[in-house]
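These are the residues of each chain, in order.
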Amino acid sequence: MDDNKDAGNNGEQDGIVLTEEQKRRRRARSVAIGLALGALVLLFYVVTIVKLGPGVLRRPL
Amino acid sequence: MSLMSPSAMSPGAHLGANLAQPVQAQFAEPSLAGVGDYIALLKPRVMSLVVVTGLVGIAVAPGHLHPVLGFAALLCIAIGAGASGALNMWYDADIDAVMTRTRTRPIPAGRVTGSEALAFGMTLSFGSVVVLGLVANWLAAGLLAFTIFFYVVIYTMWLKRSTPQNIVIGGAAGAFPPMIGWAVTTGSVSLESISLFLIIFFWTPPHFWALALLKSDDYARAGVPMLPVVSGRAETRKQILLYSVLLAPLGVAPWLMGFAGLTYGITAIAGGAIFLALALRLFRAGEAPGSDKIAKFLFGYSILYLFVLFAVLLIENRVNVLLGSIG
């Protein structure tokens, strides 16, 4: 109970506050993940076209 | 903040009796890992060798494969190899922390936690195998899955800490990429792909033992039973020579079997002769002052030998294909 009260009084110290370096590295990781996912989307698209060719649109509905 | 136990950081720590404790405890703090740390987990230098040998397997195998599918398959082989490297670093963090050569790796240096490396390695392992199965065929995917399993479970978790033959048997993991590449193109395993496998398989012991001679103190401190630590430096030099005697003719096998040309044959004979001469020189040097220098040179030359052998095989094959299409 007391802990909660203390936490309420010092709201700005709750949780983890990232340093500038941690923020910079997190952003770099996020950009890398985004680029990797984009590359995968492109790869899967091209591979699908190569493997199926025009047949990709010819399927039973 | 919760303090993780040392064993949570180093899964393999309980296995080595002489192992020092991890250099520092890990806290559940926000990660400081950079993109470069995750790339380092993939062991890029090992990956480059896998890319070259896997590419040769894909390109030299008979049959046609669309370049896009070949590229995607090679990417899967490379990522699968990288994933096994990440899982190796996850398990061996305790050993890496006490060896000078490896203590700056992302996990012992505290930049990446063990669980992050484990998740990274498992995700990439699963993804590379599934995508290779969908892009190429399930034989190639099965071989890649077996390679990852062999490197992580058989070599890293079992052999590395239990027998001086660790490198000999574990070397099979590094020898599979050309066989996987061959299976990507042909959907089968053949004598030709087995010969490429055998070249890397018999190349691995002299390559690693040359390094182990230089780093034997490191391995002894880490409790890893490398050959120089268990059987001594003289025995290691003898074994390097014996494996080199086996390797030199195996290097020529692709030419003798008819799937490589004269340029490759001459390169393999000359390269193998130099390899053998260096191994003999190292054997005769004994504990003479220049012995370590020869071991270092042999280690560097062994990398060059394998790269050149596979590069010539690839270039010669492509030139023949090009000339065939013109003629």
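This text goes with the structure placed above it.
Conventions used here
- Residues numbered from 1 in each chain as written.
- Chains lettered and ligands numbered in written order.
- Predicted model: local features only at pLDDT ≥ 70, side-chain atom pairs only at ≥ 80, totals over all residues.
- Heavy atoms only, no water.
- Contact = heavy atoms within 4.5 Å.
- Buried area = accessible area lost by both parts, 1.4 Å probe.
- Salt bridge = Lys/Arg side-chain N within 4 Å of Asp/Glu carboxyl O.
- Polar contact = N/O pair within 3.5 Å; in protein donor to acceptor, adjacent residues only side chain to side chain.
- Nonpolar A, V, L, I, M, F, W, Y, C, P; charged D, E, K, R; others polar.
- Helix = DSSP H or I, 4+ residues; strand = E, 2+ residues; numbered from the N terminus.
- Expected span 1.5 Å × (residues − 1).
- Buried < 20%, exposed > 50% of the residue type's maximum accessible area, 1.4 Å probe, protein only.
- Phe/Tyr/Trp six-rings, centres within 6.5 Å; stacked < 30°, edge-to-face > 60°.

*Asks:* With reference to specific residues and values, describe the interface of chain A and chain B.
*Replies:* Across the boundary between the two partners, chain A contributes 14 residues, which contact 19 residues of chain B. Each partner contributes to the roughly 1,300 Å² buried at the junction of chain A and chain B, and carbon and sulfur atoms together form 76% of this total. Our count for the contact surface shared by chain A and chain B stands at 0 salt bridges. Between chain A and chain B we count 4 residue pairs in polar contact (both at pLDDT 80 or more) in total. Classifying every residue of the side of chain A that touches chain B gives 9 nonpolar, 1 polar and 4 charged.

*Asks:* Go over helix α2 (residues 20-52) of chain A, please, and point to the residues and values.
*Replies:* All names here are of chain A. Helix length check: α2, at 33 residues, gives a terminal C-alpha distance of 48 Å against a target of 48 Å (1.5 Å per residue), a fit within 8%. For α2, the set of buried residues is Gln22, Arg29, Leu43 and Val47. Phi turns positive one or two residues past the end of α2, at Gly53, with a value near 60 degrees.

*Asks:* I'd love a proper account of the pattern of salt bridges, names of residues and values included.
*Replies:* Pairing between side chains of opposite charge can happen when the charged atoms of each approach one another. Residue and element names in this part refer to chain B. Counted under the stated rule, the structure contains 13 salt bridges over all chains. Salt-bridge contacts for Asp37 lead to Arg111; the nearest nitrogen and oxygen are separated by 2.7 Å. Highlighted residues: Asp37 in helix α2 (residues 35-41) and Arg111 in the loop between α5 (93-98) and α6 (114-135), separated in sequence by 74 residues. Since its relative accessible area comes to 8%, Asp37 is described here as buried.

*Asks:* Please give an account of the packing of aromatic side chains that cites residues and values.
*Replies:* Residues and elements named next belong to chain B. According to the stated counting rule, one finds 15 aromatic pairs over all chains in the structure shown. Ring plane angle 75 degrees and centroid distance 5.5 Å describe the contact between Trp209 and Tyr243, whose orientation is recorded as edge-to-face. With Trp209 in helix α9 (residues 191-214) and Tyr243 in helix α12 (residues 233-256), this pair connects stretches of sequence that are 34 residues apart. Classification of Tyr243 by relative accessible area gives buried; the value is 13%. What links up through ring pairs into an aromatic cluster is the set Phe146, Phe149, Phe150, Phe176, Phe197, Phe201, Phe202, Trp209 and Tyr243.

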